[in-house]
Amino acid sequence: MPTLTQVFRVLLAAMCVAVIFGCKEKKAQPQVQTPPVPVVPAEPKEPEPMPPPPMPYVPYKTLQTGTIFNGIQFKANLETEFGETAKNDRADAASYSVEMNVKVKVPKAHQSLEELGKLNDKLAVVLPGLTAALGKSKISPKFEELYGRKVNLIRTNLNRLEQLPSRHNFYDCETILELQHPVTMRRALLVQADMDVDTDGSDGDRSASIEVDSKTFQPFTSYHWAKATATPNPFLVVWEKKVRDAEAKLSDPKADAPKIKTDLKKLRSEVSDLKTWSYLLGSLDPFIVLPTSMFGGKNPYTPKIGDYCVVIVDDVLYPAIIGDAGPMWKVGEASVKLCKQINPAANGGNRSMNDLKATYLVFPGTGEKPWGAPDLTKWRTKCEQLLKEFGGYTGTLFDWQPPALPAVATPGAPGEPAVDAAVNTPASAPPAPR
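Note that residues are indexed from 1 along each chain, following the sequence as it is written. Reporting in this predicted model follows two pLDDT cut-offs: at least 70 for local features of residues, and 80 or more for side-chain atom pairs to be given and counted; totals over whole chains, interfaces and linings ignore these cut-offs and use all residues. Side-chain calculation: all heavy atoms of the structure are included, whereas hydrogens and water are not.

Enquirer: Let's hear about the overall build of the chain: which residues, and what values?
Expert: Counting its secondary structure elements, the chain contains eleven helices and 13 strands. The buried share of the chain, taken over its 434 residues, is 38%. Contacts are assigned to residue pairs with any non-hydrogen atoms lying within 4.5 Å of each other. When contacts within the chain are restricted to residue pairs at least 6 apart in sequence, those whose partners lie at least 24 apart make up 75%. As presented, the chain carries roughly 26900 Å² of accessible surface, and 56% of it is formed by carbon and sulfur atoms. Under the scheme used here, helices are H or I runs from DSSP no shorter than 4 residues and strands are E runs no shorter than 2 residues, and both carry numbers assigned from the N terminus. Relative accessibility thresholds used throughout: buried, under 20% of the residue-type maximum; exposed, over 50%; partly exposed, between the two (1.4 Å probe, protein chains only). Where accessible areas are quoted, they stem from the Shrake-Rupley method and a 1.4 Å probe; at the residue level, only the protein chains shown are allowed to cover.

Here it is as structure tokens:
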């Protein structure tokens, strides 16, 4: 039988084992935790948009239309293509260039009464002999030559767009006809065109004060006659100053001496002319201007400076003469005197007629020599006679009244021109078309 001591030891060991296992079980139990306070999340921010990736370059073409300063329509094509490197493309002039293609319609001259009537429906009545004369009329070779010169002017100025004629000036002539009355055999040259204003001319004998309102003014006209008085031309002091200025330029070692000498020769010749001759006055004398290219030659229809002519607008006939030769490629120009009678608003910067409604009936070979000072009564009488020889006329043959000439005064002191007028000599005419 176990002793008390042994039983006590067994109980003590059992208690120790219980304590040990009790502690382990207690540690294994999960601890109860307080649930966390819920946190409301903040509104998410919109992410910043990312820039789109660069699109790959694709060659393309575009077309635009417009007009340049002189009224010419243009169509511009923009075409891109793949190049090389910027360095190489910059060195290649063809990589960034403009190609120009000018298209021009060249008109045909008409010679029918119906077409003329579209521009002036009174023309057949005003000129009863026109119908008979048109039966055997011919288109003047000067018409084709005129438009040939216009085309050549464009050709020679393709690299200078500002020098191209405007569309208005290109199409300034409807027709040029050679006419002859079948009974009287009176010849006439009919030019259908618009009407620009000519302000040229000077004459100290009749007027020492001239108003200049045109950038292309010149004191000379092709028609001229010997001076009758000692009163100097009002532009003489202006030209003498031009001579002195040109002579002073010769002292500059950097000056273009050959050109200055050429200019001096021309200026001195013009000074001599101003001392010797009197000229028509655009403001006082009714005259027309034809292109220089129309003069010369042996054709019996070729006009000459001084020939008589009649300008017809609606049913009014204006007596005049051919007083000057103008640019080789332009038709339709008359003195400001004549232009203002037709359109009071006409001046050096404003045309008398924009439309092609002016009929210039020129009687070739009728001019008289030597040329003399204008006699408007005589001019009207002569034109009336020529109209009768061409089959007569109806309507109104205008009667020019002798102008009230201003008192002739001596210009300002030497070196102080009475008129400060800048004169622009027209550019040299283009060469004849091939």
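There's plenty left to go through after this.
Enquirer: Can you explain the confidence of the model for the chain? Please cite residues and give values.
Expert: For every residue, the pLDDT score states the predictor's confidence, bounded by 0 at the bottom and 100 at the top. Looking at the chain as a whole, the pLDDT averages 85, with 80% of positions reaching at least 70. Counting interchain partners and residues more than four positions distant, the pLDDT-below-50 stretch residues 23–28 has zero contacts. Confidence drops under pLDDT 50 across residues 408–434; counting only partners more than four residues distant or on other chains, this segment forms 48 contacts.

Enquirer: Outline the pairing of strand 4 (residues 173–180), listing residues and values.
Expert: A regular strand places its side chains on the two faces of the sheet in alternate fashion. The buried count for strand 4 comes to six of eight residues, which makes it a mostly enclosed element. Here, any two strands with at least 2 DSSP bridges between them count as paired. Sheet topology note: the strand 3 (residues 138–139)/strand 4 ladder contains two bridges and is antiparallel. Paired with Lys 138 across the bridge in strand 4 is Glu 178. Sheet topology note: the strand 4/strand 5 (residues 187–198) ladder contains seven bridges and is antiparallel. Considered in strand 5, the bridge of Leu 179 is made with Ala 188. Between strand 4 and strand 5, which pair antiparallel in sequence order, lie six residues; one of them, Met 185, sits at a positive phi of approximately 65 degrees.

Enquirer: Pulling in residues and values, what's your account of a nonpolar patch on the surface?
Expert: Each patch is built from salt-bridge-free residues with over 30% relative accessible area, joining like charges within 9 Å and nonpolar side chains (Val, Leu, Ile, Met, Phe, Trp, Tyr) within 5 Å. By salt bridge we mean one thing: a side-chain nitrogen of Lys or Arg within 4 Å of a carboxyl oxygen of Asp or Glu. On the surface, a cluster of nonpolar side chains totalling about 530 Å² of accessible area is made up of Met 100, Val 102, Val 104, Val 106, Leu 158, Leu 161 and Tyr 171. Inspection of the secondary structure assignment puts Leu 161 in the loop between helix 6 (141–156) and helix 7 (167–170). On the accessibility criterion, Leu 161 (34% relative accessible area) is partly exposed.

Enquirer: Lay out the environment of Phe 82 with the relevant residues and their values.
Expert: On the secondary structure map, Phe 82 appears in the loop between strand 2 (73–79) and helix 2 (86–91). Look at Phe 82 and you get exposed, because its relative accessible area is 58%.

Enquirer: An account of the side chain of Thr 175 is needed here, citing residue identities and associated values.
Expert: Locating Thr 175 in the fold gives a position in strand 4. Of the residues examined, Thr 175 reaches a relative accessible area of 0% and is grouped as buried. Only 2.7 Å separates the side chain of Thr 175 from the backbone oxygen of His 110, close enough to count as a polar contact. Setting aside anything within four residues of it in sequence, one finds Thr 175 in contact with Ala 109, His 110, Leu 116, Phe 143, Leu 190, Val 191 and Gln 192. Side-chain atoms alone can form a polar contact between residues adjacent in sequence; in general such a contact is a pair of N or O atoms within 3.5 Å, and within protein one must be able to donate a hydrogen while the other accepts it.

Enquirer: Pulling in residues and values, what's your account of the nonpolar core?
Expert: One finds Leu 127, Met 195 and Ile 288 to be the most contacted residues of the largest nonpolar core, which totals 71 residues. Here this core gets seven residues from one element, more than from any other, and that element is strand 5. Dropping the residues within four chain positions of it, Leu 127 is found in contact with Ile 312, Leu 317, Leu 361, Leu 387 and Gly 392. As used here, the term nonpolar core means buried Ala, Val, Leu, Ile, Met, Phe, Trp, Tyr and Cys residues forming a set that is joined through side-chain atoms within 4.5 Å. Core analysis: the next-biggest nonpolar cluster, separate from the first, contains 18 residues, Leu 236, Trp 239, Leu 264 and Leu 274 among them.

Enquirer: So what's going on with the packing of aromatic side chains? Residues and values would help.
Expert: In summary, the pairing rule links any two rings of Phe, Tyr or Trp, Trp by its six-membered ring, whose centres are within 6.5 Å, and it sorts them by plane angle into stacked for under 30 degrees, edge-to-face for over 60 and tilted for everything else. Within the structure shown, the criterion is met by eleven aromatic pairs. With a centroid separation of 5.7 Å and 70 degrees between ring planes, the pair formed by Tyr 147 and Phe 170 is classed as edge-to-face. One end of the pair, Tyr 147, is in helix 6; the other, Phe 170, is in helix 7, with 23 residues separating them in the sequence. According to the relative accessible area criterion, Tyr 147 is buried, its value standing at 2%. Centroid distance Phe 220 to Trp 239: 5.8 Å. Interplanar angle 85 degrees. Geometry classified as edge-to-face. Here Phe 220 is found in the loop between strand 5 and strand 6 (224–226), whereas its partner Trp 239 is found in helix 8 (residues 236–249), with 19 residues between them in sequence. Members of the aromatic cluster, each reached through a chain of ring pairs, are Phe 143, Tyr 147, Phe 170 and Tyr 171. Lysine and arginine charges are scored as sitting over a ring when NZ or CZ, respectively, is within 6 Å of the ring centre and within 35 degrees of the ring normal. The ring of Tyr 147 has Lys 150 lying over it, and the distance from NZ or CZ to the ring centre is 5.4 Å. Across from the ring centre of Tyr 301, 5.6 Å away, lies the NZ or CZ of Arg 187, which sits over that ring.

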